[in-house]
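Observations on chain architecture
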Amino acid sequence: MRLSDRVTGSFVATLGVLAAYGGSQFPPVPGQDVGPSVFPMVIGAGLILCGLMIALGVGHSFEDEAEAEADLAEIQGLSQQAMPVNPLRHRLRALLPPGLLLFYVYAADRIGFVPTAAIMIFASALAFGAKIRVALPLAALAPIAIHLIFYKLLRVPLPPGLLPMPW
Amino acid sequence: MNELLEAFRLVLAPDVLIAILLSSIYGLVIGSLPGLSATMATALLVPVTFYLSPIAAVASIIAASAMAIFSGDIPGCLLRIPGTPASAAYTDEAYAMTRNGQAEVALGAGLWFSALGGIAGTISLVVMAPVLAELALNFSTYEYFWLAFLGLMCATLVARSSPVKAIASMLIGLLVACIGMENPGGVPRFTFGITELLGGIEPIPALVGVFAVSEVIRAIVSPEPPPLPSRKFGSILAGQLALTIKYWRQMTRGNIVGIIIGVLPGAGADMAAWVSYAMSKRFSKERKKFGTGHPEGLVEAGASNNASLASGWVPALLFGIPGDTITAIAIGVLYMKGLNPGPTLFTERASSMYALYIIFILANIIMIPLGIMMIRAASYILRAPRATIMPVILVCCAVGAFATGNNLFAVILVAAFGVIGYAMENNGFPVAAMVLGIVMGTMVEQSFVTSLIKSDGSLLPFFERPVSAVLATMTISALLWPAFIWLWRRFRPGQQEQMS
Amino acid sequence: MSSFTRRGFVVSASTVLASSIIGLKPTFSQSNYPNRPITLICPWGAGGGTDATARIIAQVMEQKLGQPVNVVNRTGGNGVVGHTAISTAAPDGYTIGMLTVEIAMMHWQGLTDLTPKNYTALSLMNVDAPAIQVKADSPYKSIKELADAIKAAPPGKLKASGTGQGGIWHLALVGWLQSLGLQPNHVAWVPSNGAAPGMQDLAAGGIDIVPCSLPEARPMIDAGRAKSLAILAPERNPQFPNVPTLNEQMGAHKSVGVWRGIAGPKGLPADIQDKLVTVLKEVYDSKEYKDFMSSRGFGTQWAERAEYGQFMDESDRQMGEAMKAAGLAKA
């Protein structure tokens, strides 16, 4: 996922172009000189400028000494890893968490909260390298605990589905 | 004096004390769950307050909201998943301290300076309510525009990455804030025909996505980090006195900034935390340490966000103007209980007013023991293996986002922002700056457009009005300063050569 | 969007099916309705006036029905999501919802296809008429003086605020201006995030007029910062007996304010309708409800079934007119 500044900069600039173009399409509002199109266009212009600066590496010279040394490595050090080069299979796992969230959207109303959450927890625990004998009880118990907190204490209407809870 | 005694009698009634205790625990639990905000904690209390006496009803709201704002720091510090937008400003800092084995210092600072900030805010409420209210009333959209603009500029200060990338992140956040029809024109923008996007993107799902989900993604692709040295948490309050003495200036500044921002309707704890953290960094003698696990910014921001919470009650109590969503709910409860907001509340119902003050102080005092217990309980999270914690967090993200509007679309947003946040972070774009853009975007646009309508298109009032002029000067100098420094460094050597 | 909620229907149907197979909960039968908790959908977020009203209604209903009535805030899409959820719920009486005036506005703007016709109207619970507020020390002593001043001022000179562009109070102002024979934009509209910020800006001197409901204006009036010149309703509001009606001072002008009512999805069986309307009437007459509404300053007004349906249609028609006049409606 790490891309060169040239790529991310161009991406930001492209986003800016799209924002500015999209913004320019909005109809004016009677009685407002500064209509709904102005802000997206200003933001778009800003993004184009920033994107070009990033892509061309102009930005670096703006950093004063306090920030100069704080570059990527440090941010990543913060988030606890130095990103060793992983095999592709390893990196594909990045798609699992968002995938499981989408699974939740798809399944929660169909099979209910507890089974959905159990599947999510089981799958992700295995992906994190948990043993089956850890993952199974976790998948069995944690959804019930979460259900108790959110449904009972917070009154969040979680769908009962196939396995309604007794409370 | 009699009124004060009467106030104490009101507060010390058993039902009030029990209400304070229970709602404190409740607030602590909710605030610590990612995706559940202090606002939600408060809103869920409303049906309960039907059954309580007036003082107990208000007390439960005060206690729950104060606790929830503090406990939003806990998951931020331990897992880098801020519980509330107010904690997002300094999450990286607190998490860095945890990685340095100083989790208890970071959490202790959050707790201690939150409590002190809350008390400072209360004192401002007692002593200066009318003055502050006058200030709040004189804030028109012109002033709000500069304030919001100034808030946005904090993005470049808070991040430890390239300022250009920080600005780009912030602009992306502003673009996200454009989505929906919550704009001055009431025109749906960038909704792509999706009904759910009409109302715009709420900060909470975005926050949960870019912080919590991206953290889960990051964890899943990287090998398990070396476990933190397993050890018992040291005393949570031990170092705090030393910090208080060392950073009393920062603390006071945080309190003052928090009080001022809190009083302004529409600008609440979120903004107070951001501005204070940025100020702390700007004026610090040890700027390089910021972001590496340095408590200075935590002190100032923690002192600030809880102070703003208390002073947010000033416009609410005096004019019934909500300072933020929490006080908006509280105003409803005040009405329901016959404590109608207004100047008469301070004169005719003085004992009730004093009782509210006492409750504020009391809530901030019991925050300390309860908070310590909460921190100790939460510290087990650090010892649990990652393979058990992360899956549970993922489910909490889904449920927490769903709970914001009982709408599954929020879960889709969380997934999307998780990917966006992960990609941004990996490439050096600070996600906190994007969250700031999302939070402030509407305010910048709204205040700018409405100001121009009011001034018939003239920009003059942005600079003419006294408070506005001061804020404008601050903003413009803050904006030009780095460029000036850069130019100065760049051209100065050349000039010297010419001279010699 | 509809895919979401259509799914909701399938799901609730299958939920009932599944739970009956497993045998954990009895199936519902019409005769002993209700025998399980009822969901009351509120299309707006927790903490607002609609939410508070929904919660007090749910609470009293719960006492009368002996079954829990859970308020579920289905927010998003500026009210569209929640209103859609009500209309697409299973018509079994276990999901009802609170409709707000926006249902009569949104389809004119092309935001949704839903209109009041997509529901089984049960009962109107609350109506708040707009009132016209000015700054406490403003030179206008009466609504007549204000009207004259507006007529005399060049277009766009005076500013008003109190809600977003095209919001209910904007439309109320447009309607009033039209009745004075003026252009809808004769008074410039400054969009705001609701009445409270509008009232604040009024007190701060940023704008000249705030049309909004009296309960929304009350804090600033009580604080001596603003005054209310007239209420645009046929009768005075008993909570605010000193505020004259527009009719008293300038002759009739019909204006619909905000309203809230309870409705179910289309096709609700008649016996369930009977039961719900009976209970809602009891709620409406209950001391708790009256006390709550008067403490908030909210107006109460009752209309049931067809009568409520007509009320909504009338509101719909007026909103459409005002929105077209203001250039806010989609062609």
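Residues numbered from 1 in each chain as written. Chains lettered and ligands numbered in written order. Predicted model: local features only at pLDDT ≥ 70, side-chain atom pairs only at ≥ 80, totals over all residues. Heavy atoms only, no water.

Comments concerning the interface of chain A and chain B
Put simply, the rule is: Residue contacts are counted whenever heavy atoms from the two residues lie within 4.5 Å of one another. Any Lys or Arg side-chain nitrogen found within 4 Å of a carboxyl oxygen on Asp or Glu counts as a salt bridge. Whenever two N or O atoms come within 3.5 Å, that pair is a polar contact, provided that in protein one can donate a hydrogen and the other can accept it, and provided that, for residues adjacent in sequence, both atoms are side-chain atoms. Secondary structure elements follow DSSP: runs of H or I no shorter than four residues count as helices, runs of E no shorter than two count as strands, and numbering proceeds from the N terminus. In this classification, the charged set is Asp, Glu, Lys and Arg, the nonpolar set is Ala, Val, Leu, Ile, Met, Phe, Trp, Tyr, Cys and Pro, and all remaining amino acids, among them Gly, are polar.
Taken together, the contact pairs 80 residues of chain A with 84 residues of chain B. Counting the contacts that link chain A with chain B gives one salt bridge. Here B:Lys165 ties to A:Asp5 by a salt bridge, and the two come within 2.7 Å at their closest N and O atoms. Taken together, the connections running from chain A to chain B amount to three residue pairs in polar contact (both at pLDDT 80 or more). Of all the secondary structure elements, the ones that give two or more residues to the side of chain A that touches chain B are helix 1 (5–24), helix 2 (38–56), helix 3 (65–68), helix 4 (72–78), helix 5 (88–92), helix 6 (96–111), helix 7 (113–127) and helix 8 (132–153) of chain A. If one sorts the elements of the side of chain A that touches chain B by residue count, helix 6 of chain A sits on top with nine residues. For the side of chain A that touches chain B, the class distribution of residues is 53 nonpolar, 15 polar and twelve charged.

Focus on the confidence of the model for chain C
Definition in use: Scored between 0 and 100, pLDDT is the confidence that the predictor attaches to each residue.
For chain C, mean pLDDT is 84; residues scoring 70 or higher make up 90% of the total. With pLDDT under 50 throughout, residues 1–29 of chain C is counted as low confidence; its partners more than four residues away or in other chains account for 36 contacts.

What about the nonpolar core?
Considering soluble globular proteins, one finds that nonpolar side chains tend to be buried as a cluster. For clarity, the cut-off: The term nonpolar core refers to a set of buried residues drawn from Ala, Val, Leu, Ile, Met, Phe, Trp, Tyr and Cys, joined through side-chain atoms within 4.5 Å. Note on classification: 1.4 Å probe, protein chains only; a residue is buried when its accessible area is under 20% of the maximum for its type, exposed when over 50%, partly exposed between these limits.
Counting residues in each nonpolar core, the largest one holds 296 residues, and the members touching the most others are A:Tyr104, C:Leu146, C:Trp176 and C:Trp259. Setting aside anything within four residues of it in sequence, one finds C:Leu146 in contact with C:Ile132, C:Val134, C:Tyr140, C:Trp176, C:Ile209 and C:Leu229. B:Phe50, C:Leu40, C:Ile57 and C:Val279 belong to the second-largest nonpolar core, a separate cluster that totals 35 residues.

Concerning the confidence of the model for chain A
Per-chain confidence: chain A averages 80 in pLDDT, with 80% of residues scoring 70 or above. In this model, residues 63–84 of chain A is a region of pLDDT below 50 whose contacts with residues beyond four sequence positions or in other chains number 46 contacts.

Section: the interface of chain C and chain B
Quick reminder of the rule: Accessible area that two parts lose when put together, evaluated with a 1.4 Å probe and summed over both, is termed the buried area.
On the chain B side, the residues contacting the 42 residues of chain C number 46 residues. For the chain C and chain B pair, buried surface summed over both sides reaches about 3,700 Å², with 58% attributable to carbon and sulfur atoms. Run the count over chain C and chain B and you get two salt bridges. The salt bridge involving B:Lys454 is made with C:Asp201; its shortest N-O contact spans 2.5 Å. Seen at the junction of chain C and chain B, the total is six residue pairs in polar contact (both at pLDDT 80 or more). Secondary-structure elements contributing two or more residues to the side of chain C that touches chain B are helix 2 (49–65), strand 2 (69–73), helix 3 (80–88), strand 7 (188–190), helix 6 (195–203), helix 7 (214–222) and helix 10 (287–296) of chain C.

Here we look at a nonpolar patch on the surface
Residues and elements named next belong to chain B. The condition is simple: Surface patches are defined over residues having more than 30% relative accessible area and no salt bridge, joining like charges when they lie within 9 Å and nonpolar side chains (Val, Leu, Ile, Met, Phe, Trp, Tyr) when within 5 Å. Surface accessibility in these figures is a Shrake-Rupley result with a 1.4 Å probe; residues are shielded only by whichever protein chains are displayed.
On the surface, Ile123, Val126, Val127, Met128 and Val131 cluster together into a nonpolar patch covering about 430 Å² of accessible area. Here Met128 is to be found in helix 8 (residues 103–137). Residue classification places Met128 among the partly exposed residues on the basis of a relative accessible area of 33%.

Examining helix 22 (residues 409–426) of chain B
Note the threshold: To estimate the expected span of a helix, subtract one from its residue number and multiply by 1.5 Å.
Under the 1.5 Å per step criterion, the end-to-end length of helix 22 of chain B is 26 Å for 18 residues, consistent within 8% with the ideal 26 Å. Counted residue by residue, helix 22 of chain B has 13 buried out of 18 residues, so it is predominantly covered.

Notes on the pattern of salt bridges
Once their charged atoms are close, side chains differing in charge can pair, the charge on each being opposite to the other. Residues and elements named next belong to chain B. In this structure the tally under the stated criterion is 22 salt bridges over all chains. Between Arg80 and Asp92 there is a salt bridge, with its nearest N and O atoms 2.6 Å apart. With Arg80 in the loop between helix 5 (73–79) and helix 6 (85–88) and Asp92 in helix 7 (residues 91–99), this pair connects stretches of sequence that are twelve residues apart. Judged by relative accessible area, Asp92 falls into the partly exposed class, the value being 24%. A salt bridge links Arg218 to Glu215, with the shortest nitrogen-to-oxygen separation between them at 2.8 Å.

Considerations on the environment of A:Val17
Residue and element names in this part refer to chain A. Structurally, the position occupied by Val17 is in helix 1. Taking relative accessible area as the criterion, Val17 reaches 45% and is therefore assigned partly exposed. Measuring from C-alpha to C-alpha, the distance between Val17 and Pro40 comes to 10 Å, with 23 residues separating the pair along the chain.

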